[in-house]
Amino acid sequence: MMTISSDTMNVPAVEVVGITKHFRRVRAVDGVSLTIPSGGAYGLLGPNGSGKTTLLSMLAGFLSPTAGDIVLLGETGDTGLEQARGRVGAMIERPIFWPYLSCRDNLRCLQGIYGSSGGDDEIERLLGLVNLDRDAAGRKFRACSTGMKQRLGIAATLLGDPDLLILDEPTNGLDPAGIIEVRELIRGLATGDGKSGGKARTVILASHLLNEVEQVCDHVGVMARGKLLYSGPVSGISGQSRVRLRTTDDVKARSLLQDAGWAIGGGADDGLKVSAAPGSEWKISRELAEARIYVSEMTQSGASLEEGFLEVTGNALRDD
């Protein structure tokens, strides 16, 4: 397979325009347009049934879209996409291997299918990368734990040294230590650290673990009911902190701050909750003091991807 070039790094890894997928009367993906930059890790979030796996399956070539266009690593059209997918490694849902073969022999078979010329050196390097070397390499797949199967699936996506990795829930079945291990591996694959071969790749990571995405990914997309609700930097969805405050007159304070353009939540029992960019909390006190309303209590909670995710998806569900 091809090695990524500086020219390729200047081209988005993925561009989709109006992509849609119908399964009879079900619209699993509904008019999604999305650009994923080259290099780094892109997280795809959404509740069950949001369309994440269907979207990734279309990118990987396992499903054909009902409508819309895909540009993959700068290539489009049937011939171009076929060539581009030779530079893509994908693990969609759970990995499937030959149950009676060892981890090492499974990779050997896939190496032949994919046309990778890395030989035994490539296989041993990938097994070591995912901590399946030594005795684990010779264990039959059917005797592997769920975590071992997931790690072997990641190793298989790396055969041929692809430029783009598509990983659908790669930490499924892993214990906390395994999740941390895979997190570090994915970060290394995206940044090109020495252990991962020194090559920066684009990694698309679909996960329901928001904390993992927040720690690994630079950009994130949020889906619900087949629609893309947000796509951009992680900071763009989690950049608002929450300020909880009580004042000498909460009713007037709410009205005043809303008129001034602040986003207000909360009720009479738990005070006012104000969304504010970090460092701008003093402006709230100033607005109120100018109206002779004074703050008696103010606490701040840091911004988080979880809060942003719940706000985006919650708004979409209410709009429906």
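Residues numbered from 1 in each chain as written. Predicted model: local features only at pLDDT ≥ 70, side-chain atom pairs only at ≥ 80, totals over all residues. Heavy atoms only, no water.

Caption draft 1: Up close: the overall build of the protein. Within the protein, the secondary structure is distributed over 12 helices and 13 strands. Residue burial in the protein is summarised as follows: out of 320 residues, 47% are buried. Sequence-distant contacts, at least 24 apart, represent 68% of the contacts inside the protein between residues at least 6 apart. Entry remark: accessible area of the protein is about 15,500 Å², with carbon and sulfur atoms responsible for 48%. (Helix = DSSP H or I, 4+ residues; strand = E, 2+ residues; numbered from the N terminus. Buried < 20%, exposed > 50% of the residue type's maximum accessible area, 1.4 Å probe, protein only. Contact = heavy atoms within 4.5 Å. Areas by Shrake-Rupley, 256 points an atom, 1.4 Å probe, with all protein chains shown as cover.)

Caption draft 2: Geometry of the environment of D163. Here D163 shows up in the loop between α6 (146–157) and β6 (164–168). Judged by relative accessible area, D163 falls into the buried class, the value being 0%. For the pair D163 and A84, spaced 79 residues apart in the sequence, the C-alpha separation amounts to 9.4 Å. There is a polar contact of 2.9 Å between the side chain of D163 and the side chain of R87. (Polar contact = N/O pair within 3.5 Å; in protein donor to acceptor, adjacent residues only side chain to side chain.)

Caption draft 3: A look at the sheet that holds strand β2 (residues 26–36). Taken together, the 3 strands give an open sheet; going across it, the order is β2-β1-β4, and neighbouring strands pair in antiparallel fashion. Strand pairing shows two members of the sheet lacking a second neighbour, β2 and β4 (67–72), which therefore form its edges. Within the sheet, the average angular offset between the axes of one strand and its neighbour, ignoring direction, is 20°. Inspection of the sheet shows strand β1 (residues 14–23) paired to β4 by 5 bridges, in the antiparallel sense. Bridge pairing in β4 links V16 to I70. Against the sheet, helix α2 (residues 52–60) engages β1, β2 and β4, with an angle of about 115° to β1. (Pairing = 2+ DSSP bridges. Axes fitted to C-alpha atoms, helices over the stretch in contact; angles between N-to-C directions.)

Caption draft 4: Representation of the side chain of S207 within the structure. With respect to the element layout, S207 can be found in the loop between β7 (202–206) and α8 (210–216). The residues touching S207, leaving out its near neighbours within four places in the chain, are L44, L45, E169 and V213.

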